[in-house]
Amino acid sequence: MASRAEPEGGRRDWRDVARDAADLALLGILLTLAAAPVVTAAAAAGTASAAVHDWTRTGSWPSARTTVRRYGRSVLPGVPVSLLALAVTGLLAVNLAALATGRVPGGVVALAVTALVAAGLAGYAGLVVVEVGGCRRWRAAARRAGRACLDAPTRWAAVSGVTALAGLLAVLVTPVAVPILAGYTVAALHAVAGRWPALARAELP
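Cut-offs used in this document
- Residues numbered from 1 in each chain as written.
- Predicted model: local features only at pLDDT ≥ 70, side-chain atom pairs only at ≥ 80, totals over all residues.
- Heavy atoms only, no water.
- Helix = DSSP H or I, 4+ residues; strand = E, 2+ residues; numbered from the N terminus.
- Buried < 20%, exposed > 50% of the residue type's maximum accessible area, 1.4 Å probe, protein only.
- Areas by Shrake-Rupley, 256 points an atom, 1.4 Å probe, with all protein chains shown as cover.
- 1 Å grid on protein atoms, 1.4 Å probe; cavity = no way out; pocket = protein on both sides within 12 Å on 5 of 7 lines; lining within 4 Å.
- Points joined across faces, edges and corners; volume = space filled by probe spheres on them.
- Nonpolar A, V, L, I, M, F, W, Y, C, P; charged D, E, K, R; others polar.
- Core = buried A, V, L, I, M, F, W, Y, C linked by side-chain atoms within 4.5 Å.
- Contact = heavy atoms within 4.5 Å.

A. How the structure looks around the overall build of the protein. Of regular secondary structure, the protein possesses seven helices and zero strands. Considering the protein as a whole, with its 205 residues, one finds that 37% of them fall into the buried category. A total accessible area of about 11,400 Å² is found for the protein, and carbon and sulfur atoms account for 70% of it.

Structure (structure tokens):
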């Protein structure tokens, strides 16, 4: 992956944009492959977030050795996070499906409330992924993301919008493009979340 540093003269042309797009597409593909066993999903997301964290702040991607080391160290701590995320996602999906098909009472109002709750939780999860890219500890990232939601609810809403849009696009686009979308989503989460006042982050080694 190439450096994102500004070219000489401070101007970027279409080749720089195309290179960034290709880098993010590759990131998404690697993220999807690393998350394929499911229990490694959290480790894959955290490692990808750390890579984007470095890229947006230094202009360069971390080395392959650094990325592999980060991923390896994150696998075991990320297993409970992956299982929790899978359980919550499955529960919300079942509830939404039951409400949408009329198998449980509540109608449109209950469906809308459940969808809003799902979007809010997805936005919170997005903030956690951004935070873990800076500190790599899931518990600390969860606490910081929670404080961020309370301190800047508009940013929480914006990140929730990013995750909702990514979910919609994942349904609409051809399946082969979903891994590419994953890389762009991580970058979008960092771009949107970076607009609220940053909490102190411990830099990754």
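Having seen it, we continue.
B. Broad picture of the layout of surface pockets. The space that makes up the largest pocket amounts to roughly 1,800 Å³. Lining the largest pocket are 44 residues, with Ala85, Thr89, Ala122, Ala125 and Val129 sitting closest to its centre. Elements represented by at least two residues in the lining of the largest pocket include exactly helix H1 (14-35), helix H2 (41-58), helix H3 (64-100), helix H4 (107-135), helix H5 (138-151), helix H6 (153-172) and helix H7 (178-193). Within the residue set of the lining of the second largest pocket, elements represented by two or more residues are H1, H2 and H3. For the lining of the second largest pocket, the element with the most residues is H1, which contributes five residues. A per-class count over the lining of the second largest pocket returns 14 nonpolar, three polar and no charged.

C. Representation of the nonpolar core in the model. In this structure, Leu127, Val128, Trp138, Ala141, Val159, Leu189 and Ala193 are the most contacted members of the largest nonpolar core, which totals 16 residues. Looking at this core, the elements with two or more residues in it are H4, H5, H6 and H7. Beyond its immediate sequence surroundings of up to four residues, Ala193 is in contact with Leu127, Val130 and Val159. Ala48, Trp55, Trp61 and Ala187 belong to the second-largest nonpolar core, a separate cluster that totals 12 residues.

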